[in-house]
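# Coordinate analysis (summary)
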Amino acid sequence: MAEVRGREISIIYQDAKASLIPYMTIEDHAIETWKKLNRETPYNRDKIETLLEELHFDDPLRVLKSYPNQLSGGECQRAYIMLALLGSPELIIADEPTSSLDPYTASKFTDLLIEISGKFNVSLILISHSLAEVMKVTEHIYVMYKGFVIEELEVSALRNGEPPKHPYAKYLFSMATGDAFEKLRDGDNDIVGKPAKSRSGLKNTEHKGCIYWKGCALKNQLNGELQTKCNTVNPEIGSIKSKVACWAYEK
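This section reports on the structure supplied with the text.

About the criteria used
- Residues numbered from 1 in each chain as written.
- Predicted model: local features only at pLDDT ≥ 70, side-chain atom pairs only at ≥ 80, totals over all residues.
- Heavy atoms only, no water.
- Helix = DSSP H or I, 4+ residues; strand = E, 2+ residues; numbered from the N terminus.
- Buried < 20%, exposed > 50% of the residue type's maximum accessible area, 1.4 Å probe, protein only.
- Contact = heavy atoms within 4.5 Å.
- Areas by Shrake-Rupley, 256 points an atom, 1.4 Å probe, with all protein chains shown as cover.
- Expected span 1.5 Å × (residues − 1).
- Arc of directions from axis to C-beta.
- Pairing = 2+ DSSP bridges.
- Right-handed = clockwise from strand over helix to strand, strands pointing away.

A word on the overall build of the protein chain. Scanning the protein chain from terminus to terminus reveals 11 helices and 5 strands. When each of the 251 residues of the protein chain is scored for burial, the buried share is 41%. Here the analysis covers contacts within the protein chain between residues at least 6 apart in sequence; of these, 58% occur between residues at least 24 apart. For the protein chain, the computed accessible surface area is about 14400 Å², with 51% contributed by carbon and sulfur atoms.

Structure (structure tokens):
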């Protein structure tokens, strides 16, 4: 993992200011990171300053001499991107990178993620609860429920009006678009795919079937054979051609 971490895969955490060491300057961080990732190459401050300029810092030297608490949240996040890029990784994992930022800074930061992905030819995995953010940055969406991927979606298809298939994914998107709130306001509590409150994690070890069986709005519409599958076998994306973990779409 020491050969992979930072060189092939880097990560940006959700609160860079909290992840940076408070008694080290940004340049101290850069030097330590450089030593670990570029052992045979001397530290090159000019390259670091150029990298910070590409991350839209007007005064890279000020940033390098600053401690984390002397920078804003957005500046810390951009400085953390610089550290993540020092090993020339093929993949960056951004774990809720805008959760500690205000809406304006968060929007600018997602624009920057798109920019660096193309500029540095690096793939990006964005972990986020914000569907708007995910739709803006990514090409593919993996919807997860209780630790399982339940549907793979193409953003281009979503933009062209093709809706999600899995009941839980439908519920998520209805919440994001406001449709679910309109139904609740109108007194309609029958929201498609709304998770059952009685389902808590994966503690129910007796049930071996679909993890979404209690909240599913489709199960009762299926024939007996498929209902048996729902109750006994948890569907996985790899076994369903339509890229949704739901026996209703097996064919």
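What follows continues from the structure just given.
Let us look at helix 2 (residues 26-37). Its 12 residues give helix 2 an end-to-end C-alpha distance of 16 Å, which sits within 8% of 16 Å, the value for a rise of 1.5 Å per residue. For helix 2, the set of buried residues is Ile26, Glu27, His29, Ala30, Trp34 and Leu37. Seen along its axis, helix 2 keeps its buried residues to an arc of 150°; they face one direction. With respect to the buried face of helix 2, the exposed residues turned more than 90 degrees away are Lys35 and Lys36.

Bridging between strand 1 (residues 9-12) and strand 2 (residues 91-95) involves 4 bridges; their strand directions are parallel. What sits directly across from serine 10, in strand 2, is isoleucine 92. Pairing between strand 2 and strand 3 (residues 123-127): 5 bridges, direction parallel. Note on strand 3: the bridge partner recorded for isoleucine 93 is isoleucine 125. Following the backbone out of strand 2, through helix 6 (residues 103-119) and into the adjacent parallel strand 3, one traces a crossover that is right-handed.

Everything listed is a geometric property; what it means functionally is a separate question.
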